[in-house]
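Coordinate inspection notes
In case you want the letters, here they are:
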Amino acid sequence: MSAAQAASARGRDIIFEYMAGSTWLLREAVPATTEAPRHSALVRITHWLTTLCFFALLLSGIEIVISHPRFYWGETGNVMTPSLFELPIPASRPWVKTGYSFVLPDQNGWSRNLHFEAAWVVILTGLVYVISSVLGRHLRKDLLPGGAGLTWRELSMDIANHLRCERPGEREAWSYNVVQRLAYLSVIFVLFPLAIWTGFAMSPALVSAFPVLATIVGGHQSARTIHFVVSVLLVLFLLVHIVMVCRAGFRNRMRAMITSGALSESEHT
Amino acid sequence: MSNFSRRKLITTGLAASAGASGLAVAVRLADRYGLIPPDYGGIYGPGTTLTYASHRLLTGQSLAREFPANQISRAPFAKLRPFTIEAYDSLRAGGFVDWRVNVDGLVARPSSFSLAELKGFPSRRQITQLACEEGWSFIAEWTGVPLMHILSAAQTLPQARYVVYYSIQRNWRQSIDMADALHPQTLLVYGMNGGELPMGHGAPLRLSLPRQLGYKSVKFINRITVTDSLKQFHKGSYSWYAGI
């Protein structure tokens, strides 16, 4: 048995013992320098590829949206029609009345190219991640709430811990809590797919072949509005995600996601 | 240890050369089947090539959605800054009777058509959406002659791969591949919402290309060139293919 395998086996023992309900055992069992794989290579690589793409999509998305910071519902909408809502920001095109006396520079050329290139990478990355998570153990073991024991008591305890702004404990370093699982599941299986779907729904060519892409979300402009709202929700998730990582121990969690070197008890005490 | 690294070296080398030759074959095949856009190079080349290739494979000759008349936008926005071109103004003053569109390049019969001649071709009416890359859109009824009729009248040569179309406004031209040029919904439009094409929408002649974004639907068209290469025609930072 190699050192890594031994460390991994030890990691599982520790979780098992902790799950059995003994905090004391955990503290006893974890040596100060425990090294055990926390995240698989697949999770780590897809996580950082997605991070990179997300920032590219966010930057280029903001750049694209300022060319028309008005949103509509239904099939059509333009400066001659009433909007559903407007962003209180200046625009990069002179025909959009924004209340500002200046027009921002138009950067849509590279922004659109970057947006679609990053979209390709994030979609392919997401496919690899989702398929291998479903086929492997990642989805069942790490993400589905059953793996952390989805009971009302567990859930309310987790929510209460979050509301009290309690620092995530040792346990969360090894296994996601229920609230965390639900957050990740909704990002992976609701928000990202919705962003991709509504992105496709804005493509006149794809919609010509698959009209349901647009009709099911209420039309071309509805797709654009949903795409924007989902992006805002993803940014909110990102902010909370970063705050939680910082509270849980930034260096430790970053190390776990980069090299997979998991926590050492000493960093917390 | 040396054994291990040698094995690793051999497998890595094999994998790399298999990958490289696989990619080379894929690129040649893709090019033969018209799956490589003219702007395939540069850092954004992979993205734009994947989009173009997948759309060509997935959409085929699919038809853009056509809408019922009650969905026609009451206020179709026309993005146009005023311009003055003497030639345009005098043609407009004459009711565009002297407007001509010239067809040249890889055609057996270089031709020139007046608006009256264009209206003599079989026409098509379609109520489609025009979506701008900025994010806004409107639905209008467009009346015009399918571009394929004009191309067959001029008899495009077999080596034709792209059709370039020019506006009377300087430096405004776009191009499409033959799949889009011969698509039944690709129209040279002279009428809109039951009347003449208004100036703001490109009077007297514009393109309707509902499977791509608005920036491909050039206004004030007066020249069409058939070509086998876009090397001297395509420039600019916007993606050549705008079906997104």
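Residues numbered from 1 in each chain as written. Chains lettered and ligands numbered in written order. Predicted model: local features only at pLDDT ≥ 70, side-chain atom pairs only at ≥ 80, totals over all residues.

Here we look at the overall build of chain B
Each helix and strand counted, chain B has six helices and ten strands in total. Expressed as lengths along the three principal axes of its C-alpha atoms, the size of chain B is roughly 85 × 40 × 35 Å. The 244 residues of chain B split such that 39% are buried. For chain B, long-range pairs separated by at least 24 residues make up 66% of all intrachain contacts whose partners lie at least 6 apart in sequence. (Helix = DSSP H or I, 4+ residues; strand = E, 2+ residues; numbered from the N terminus. Buried ≥ 20, exposed ≤ 12 C-beta atoms within 10 Å, placed from the backbone. Contact = placed C-beta atoms within 7 Å.)

A few points about the interface of chain A and chain B
Reports often express the size of an interface as the amount of accessible area lost when the parts come together. On the side of chain B, 36 residues touch chain A, which itself brings 32 residues to the contact. At the level of secondary structure, the elements contributing two or more residues to the side of chain A that touches chain B comprise helix 4 (108-135), helix 9 (204-209) and helix 11 (220-258) of chain A. It is helix 4 of chain A that provides the largest number of residues to the side of chain A that touches chain B, a total of nine residues. A per-class count over the side of chain A that touches chain B returns 14 nonpolar, 13 polar and five charged. (Nonpolar A, V, L, I, M, F, W, Y, C, P; charged D, E, K, R; others polar.)

Here's the deal with the nonpolar core
Among the nonpolar cores identified, the biggest contains 36 residues, and I150, V163, Y165, L188, V189, L205 and I221 of chain B are the most heavily contacted of them. Those elements that provide at least two residues to this core are strand 1 (100-105), helix 4 (115-120), strand 4 (137-146), helix 5 (147-154), strand 5 (162-167), strand 7 (187-192) and strand 10 (221-227) of chain B. Leave out the neighbours within four places in its chain, and I150 of chain B touches V103, F113, V145 and L188 of chain B. Formed by 33 residues, the second largest nonpolar core is a distinct cluster that contains V122, A201, V207 and I226 of chain A. (Core = buried A, V, L, I, M, F, W, Y, C linked by C-beta atoms within 7 Å.)

Let's talk about the sheet that holds strand 10 of chain B
All names here are of chain B. The strand order across the open sheet formed by five strands is 2-1-10-5-6, and the pairing between neighbours is mixed. Each edge of the open sheet carries a strand with a single partner, namely strand 2 (111-114) and strand 6 (173-177). On average, each strand axis in the sheet is tilted by 20° relative to the strand beside it, whichever way the strands run. Examined bridge by bridge, strand 1 and strand 2 share four bridges and lie antiparallel to one another. Across the sheet, the residue bridging to N102 is S112, located in strand 2. (Pairing = 2+ DSSP bridges. Axes fitted to C-alpha atoms, helices over the stretch in contact; angles between N-to-C directions.)

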